[in-house]
Amino acid sequence: KNASCPKILGIDEKHFTKKKGYMTTLVNLKKHTIFDVTLGRSEESLKDYILKIPDRSNCKVIVMDLCQTFRNLVHKYFKNALVVADRFHVVRLINHHFLKTWSLLDPEGRKSKGLISMMRRHEWSPFNPKSKERLMKYLDSNPVLKAVYDFKQDLMRLILSRVHSKSEAKPFVEKFLDSVNSLRESPFLPMATLGNTLFEWQKEIVRMWRFSKTNSITEGLHRRVDEILNRAYGMRNFENFRIRVKAYAG
């Protein structure tokens, strides 16, 4: 009760019940524990709760997915905190728009489940030799798609990079901004949309290269929350649920 706000905070949403809707989870990423849970995910529903958090000024870093609502809340109520984009959600966003572009270029090939699995993976991941050969033959028969695929792989390598200083980050930032500009000028709408999103979140994405914590910790703790709900066959009273979550995973 009345615990101080953690210095490194993860924030994410999760569905609670059909009647009460979504809840927001706040996680202490340094200790891998749940700091608190509260009902709602909009600024209106979270404002009063956030104003009551003790020592908000102590918070230095907040990790989140690319959620505009959460970013607005941080800028308004956590004045000393920097927003860091969650690496997993950025990778998922890139894959999502890449698959949409693939649907435009080759609707029939997009329906192949075997190809979908290979197209989603990073090219440096271990491949079955036969699968790799099949993928290369398919891409060689579609030169435009191959160019998009190669661009995506280069962008993924950039996104997943890690640096230890500002001087190391500088060349990566220049490459990232060049890639974003190329995406924004793309004739394919999904790629242009991706470019605009990455441009809007460029500062938060660049920061994740020097910060190792991600919201995978939050997602893992959400599994523990699911355990509570499953054991109770669902819970109607949110305050009782909140107490149990803090006792079990806090």
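See the structure shown above.
Now for a description of the structure that goes with this document. (Residues numbered from 1 in each chain as written. Predicted model: local features only at pLDDT ≥ 70, side-chain atom pairs only at ≥ 80, totals over all residues. Heavy atoms only, no water.)

**Side note on the sheet that holds strand β4 (residues 61-64)**
Part 1 of the argument: The 5 strands are arranged β3-β2-β1-β4-β5 in an open sheet whose pairing can be described as mixed. Every other strand in the sheet has two partners, leaving β3 (33-39) and β5 (82-85) as the edge strands with one partner each. Between one strand axis and the next, the sheet turns by 30° as a mean value, whatever way the strands run. (Pairing = 2+ DSSP bridges. Helix = DSSP H or I, 4+ residues; strand = E, 2+ residues; numbered from the N terminus. Axes fitted to C-alpha atoms, helices over the stretch in contact; angles between N-to-C directions.)

**Quick look at the packing of aromatic side chains**
Aromatic ring pairs are described here by two measures, namely the spacing of the ring centres and the angle between the planes.
Part 1 of the argument: On inspection of all chains with the given rule, the structure shows 7 aromatic pairs.
Part 2 of the argument: Ring geometry for F176 and W209: centres 6.0 Å apart, planes at 85°, overall edge-to-face. Within this pair, whereas F176 is found in helix α7 (residues 166-184), its partner W209 is found in the loop between α9 (202-207) and α10 (216-231), the two being separated by 33 residues in sequence.
Part 3 of the argument: F176 gets classed as buried once you look at its relative accessible area, which sits at 0%.
Part 4 of the argument: Take W209: its relative accessible area is 1%, and that puts it in the buried class.
Part 5 of the argument: With a centroid separation of 5.7 Å and an interplanar angle of 50°, the aromatic rings of F238 and F241 are classed as tilted. Here F238 and its partner F241 are both found in helix α11 (residues 238-249), 3 residues apart, which amounts to about one turn of the helix.
Part 6 of the argument: The buried category is assigned to F238, whose relative accessible area is 6%.
Part 7 of the argument: Members of the aromatic cluster, each reached through a chain of ring pairs, are F16, F238 and F241.
Part 8 of the argument: It is R184 that lies over the ring of F199; its NZ or CZ is 4.0 Å from the centre.
Part 9 of the argument: Note that R224 overlies the ring of Y248, its terminal NZ or CZ placed 4.4 Å from the centroid. (Phe/Tyr/Trp six-rings, centres within 6.5 Å; stacked < 30°, edge-to-face > 60°. Buried < 20%, exposed > 50% of the residue type's maximum accessible area, 1.4 Å probe, protein only. Lys NZ or Arg CZ within 6 Å of the ring centre and 35° of its normal.)

**Remarks on the pattern of salt bridges**
Part 1 of the argument: Applying the stated rule across the entire model yields 10 salt bridges.
Part 2 of the argument: The partner of R71 in a salt bridge is E204, and the shortest N-O contact between them spans 3.4 Å. Of the two residues, R71 sits in helix α2 (residues 68-77) while E204 sits in helix α9, which places them 133 residues apart along the sequence.
Part 3 of the argument: The salt bridge partner of E108 is K111, with a shortest N-O separation of 3.7 Å. In this pair, the class of E108 matches that of K111, namely exposed.
Part 4 of the argument: When salt bridges with common partners are traced through the structure, they connect D36, E239 and R242 into a single cluster. (Salt bridge = Lys/Arg side-chain N within 4 Å of Asp/Glu carboxyl O.)

**Quick word on the side chain of N95**
Part 1 of the argument: Inspection of the secondary structure puts N95 in helix α3 (residues 87-105).
Part 2 of the argument: What makes N95 buried here is its relative accessible area of 12%.
Part 3 of the argument: At 2.9 Å, the side chain of N95 forms a polar contact with the side chain of K152.
Part 4 of the argument: Excluding anything up to four places from it in sequence, N95 contacts R120, K152 and M156. (Polar contact = N/O pair within 3.5 Å; in protein donor to acceptor, adjacent residues only side chain to side chain. Contact = heavy atoms within 4.5 Å.)

**Some remarks on unusual backbone geometry**
Part 1 of the argument: In this structure, D55 is a non-glycine residue whose phi angle is positive, near 60°.
Part 2 of the argument: Of note in this structure, Y233 is not a glycine but carries a positive phi near 55°.
Part 3 of the argument: As for its position among the elements, Y233 is in the loop between α10 and α11.

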